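Below are the chains, spelled out letter by letter.
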Amino acid sequence: MPSISSLLIRRAHILLPSGEFLVGDVQTQGREIIQVAPNISSSEAPEKIIDAEGLTLLPGVIDPQVHFREPGLEHKEDLFTASRACVKGGVTSFLEMPNTKPLTTTQAALDDKLQRAGQKCLVNFGFFIGATAENLPDLLTANPTPGIKIFMGSMHGPLLVDTEEKLEPIFARGKRLIAVHAENQARIDERKKEFAGISEPAIHSQIQDNETALLATKMALKLSKKYERRLHILHTSTGDEAELLRQDKPSWVTAEVTPQHLLLNTSAYEKIGTLAQMNPPLKSAGDNDILWQALLDGVIDFIATDHAPHTLAEKGKGYPNTPSGMPGVETSLPLMLTQAIQGRCSVAQVSNWMSTAVAKGYGIPKKGAIAPGFDADLVLVDLNNYRPVLREELMTKCGWSPFEGWSLTGWPVVTIVGGEVTFNRGEFNSEVRGRALTFNGAS
Ligand code: DOR
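Quick caveat: nothing in here was measured; it's all calculated off a predicted structure.

A. Focus on the sheet that holds strand 8 (residues 124-127). The strand order 6-7-8 describes an open sheet built from 3 strands, whose pairing is parallel. At either end of the open sheet lies a strand with only one pairing partner, and these are strand 6 (61-66) and strand 8. The mean inter-strand angle of the sheet, taken between neighbouring strand axes irrespective of direction, is 20 degrees. Packing of helix 14 (residues 347-362) onto the sheet brings it into contact with strand 6 and strand 7 (91-96), and relative to strand 6 it is tilted by some 60 degrees.

Shown next, in the form of structure tokens:
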């Protein structure tokens, strides 16, 4: 394994924790940032110098919701291919979901994922423990984990925990974070029957409609309030949920939104068909706008991709036999930075939503800021040039993106994981390995 003991990044536009920019230098030693200053003249020569003139240095992205498919579904993605896609996208840490094969519902399954990731993952990693109606003891003791994932809907098999009766004991016992996929399964089942026989993919958004999401988010909020239980609402997809949270969001609740729920809507089905199919489904342009405003106002706390790769063959089966989900880790940062450069928000806000606020929300120590003592997980981006998303350049094993053809700026030029240059102007250092993340706070 390569090991860089010191790195000097020169003349970068550095995003400081204050939200301001400093044109200057950053020095790392081992895995840590040791100095940030206008001009560092070290007595000892650093092992590597990166000339970052004209580039912007941000804390590495922490993607708090991904599906990386290993073990069991490696024909779609695996931890090595996914983590290469991560570094290309400036993602230096991820939190992964339990719907693999086997499901991550026991300590043994969690340990297996941690071991696999330690062997093949280029970035830092954490794995959720999945709730079933039966594994409460595992949910109380699993470690290390960012929290408990509950699929309230849109999942088959044991991971589905879809009624108040099954949900309540999970909220009632323990303190650790509960992250919910909020869709009401009973309503989905009912509406699937109503719309049976329709093979037009756009019907997906009508079946799993705004009310489907709102009902489940209301239920999760109710239980979270009853037990003052730390709750995180995954991929908020509707204006209705955003408005509900604006009225009623206890201090122990956080919420996230995906770039696709901000930037794509039901019109996408016309252009990309089932590639636009995901859960919770894309909604209307009006929902896009309300979600954006909620993000700007701090009602929604951070951004996740819900990277959920499926092969083109699987996506070509014809609705409703097509799986839901789309990849995202290698486009999320440039998508959001493009929005910033086009005036919708600031670069500092993007970095907060994609790194700082995530580290805070999950209690991940020493991540999410460029300051001495923080981990040297960094990304240098180019905010001066635009390049299109091209299928042939994608690293994800599934080999497609819903954003193909979009012209974006803010592409990562250099990605640094734990003080190691892992991606540099198109070249990967595939020897670098990330580390298991730790989580402070409620556990
Ligand atoms: O669209 C989705 N795909 N939503 C999920 O919640 C699961 C994911 C997957 O694993 O494919």
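Picking up after the structure, the text goes on.
B. The pattern of salt bridges, seen in detail. Inspection of every chain in the model, using the stated rule, returns 27 salt bridges. A salt bridge links glutamate 164 to lysine 222; the shortest N-O distance between them is 3.0 Å. One end of the pair, glutamate 164, is in helix 4 (residues 164-172); the other, lysine 222, is in helix 7 (residues 210-227), with 58 residues separating them in the sequence. Since its relative accessible area comes to 27%, glutamate 164 is described here as partly exposed. With a relative accessible area of 47%, lysine 222 lands in the partly exposed category. Linking lysine 225 and aspartate 248 is a salt bridge whose minimum nitrogen-to-oxygen distance equals 2.6 Å. Of this pair, lysine 225 sits in helix 7 while aspartate 248 sits in the loop between helix 8 (239-247) and strand 13 (253-257); the two residues are 23 residues apart in sequence, bridging distant segments of the chain.

C. Main features of the packing of helix 4 against helix 7. Remark: helix 4 packs on helix 7, axes separated minimally by 10 Å, with the N-to-C direction vectors making an angle of 35 degrees. For helix 4 against helix 7, the interelement crossing comes out right-handed. Facing Glu164, Leu167, Glu168, Phe171 and Ala172 of helix 4, the residues of helix 7 in contact are Met219, Ala220, Lys222, Leu223, Ser224, Lys226 and Tyr227. Across the contact of helix 4 with helix 7, the residue classes break down as 7 nonpolar, 1 polar and 4 charged.

D. Region of the structure containing the site of the ligand. Inspection of the region around the ligand gives His67, Arg69, Asn99, Phe151, His181, Met278, Asn279, Asp306, Ala308, His310, Ser324 and Gly325 as its neighbouring residues. One nitrogen or oxygen atom from the side chain of histidine 67 is found 3.3 Å from an oxygen atom belonging to the ligand. Here an oxygen atom of the ligand and a backbone polar atom of glycine 325 are 3.3 Å apart. Burial of the ligand by the protein chains amounts to 95% of its free accessible area of 290 Å².

E. Examining the nonpolar core more closely. Phe94, Ile150 and Val180 are the most contacted members of the largest nonpolar core, which totals 89 residues. Every residue in contact with isoleucine 150, bar those within four places of it in the chain, is listed here: Ala131, Val161, Leu167, Ile170, Phe171, Ile178, Ala179, Val180 and His181. Counting 19 residues, the second-largest nonpolar core is a separate cluster that includes Ala12, Val26, Ile370 and Ala376.

F. Examining the environment of valine 350 more closely. As for its placement among the helices and strands, valine 350 is situated in helix 14. We classify valine 350 as buried; its relative accessible area is 0%. For the pair valine 350 and isoleucine 303, spaced 47 residues apart in the sequence, the C-alpha separation amounts to 8.6 Å. Beyond its immediate stretch of four places on either side in the chain, valine 350 contacts Leu333, Met336, Leu337, Ala340 and Cys345.

G. Examining the pairing of strand 2 (residues 21-29) more closely. Pairing geometry for strand 1 (residues 6-15) and strand 2, over 8 bridges, is antiparallel. If you follow isoleucine 14 over to strand 2, its bridge partner there is leucine 22. Counting the residues between successive antiparallel strands, the hairpin from strand 1 to strand 2 contains 5 residues, one of them, glycine 19, with a positive phi of roughly 95 degrees. Sheet topology note: the strand 2/strand 3 (residues 32-37) ladder contains 5 bridges and is antiparallel. Across the sheet, the residue bridging to glutamine 29 is glutamate 32, located in strand 3. Once strand 2 ends, the chain turns through 2 residues before running back antiparallel as strand 3, passing glycine 30 with a positive phi of about 60 degrees.

Parameters and conventions
- Residues numbered from 1 in each chain as written.
- Predicted model: local features only at pLDDT ≥ 70, side-chain atom pairs only at ≥ 80, totals over all residues.
- Heavy atoms only, no water.
- Pairing = 2+ DSSP bridges.
- Helix = DSSP H or I, 4+ residues; strand = E, 2+ residues; numbered from the N terminus.
- Axes fitted to C-alpha atoms, helices over the stretch in contact; angles between N-to-C directions.
- Contact = heavy atoms within 4.5 Å.
- Salt bridge = Lys/Arg side-chain N within 4 Å of Asp/Glu carboxyl O.
- Buried < 20%, exposed > 50% of the residue type's maximum accessible area, 1.4 Å probe, protein only.
- Left-handed = near helix turned anticlockwise from the far one by under 90°.
- Nonpolar A, V, L, I, M, F, W, Y, C, P; charged D, E, K, R; others polar.
- Near = heavy atom within 4 Å.
- Polar contact = N/O pair within 3.5 Å; in protein donor to acceptor, adjacent residues only side chain to side chain.
- Areas by Shrake-Rupley, 256 points an atom, 1.4 Å probe, with all protein chains shown as cover.
- Core = buried A, V, L, I, M, F, W, Y, C linked by side-chain atoms within 4.5 Å.

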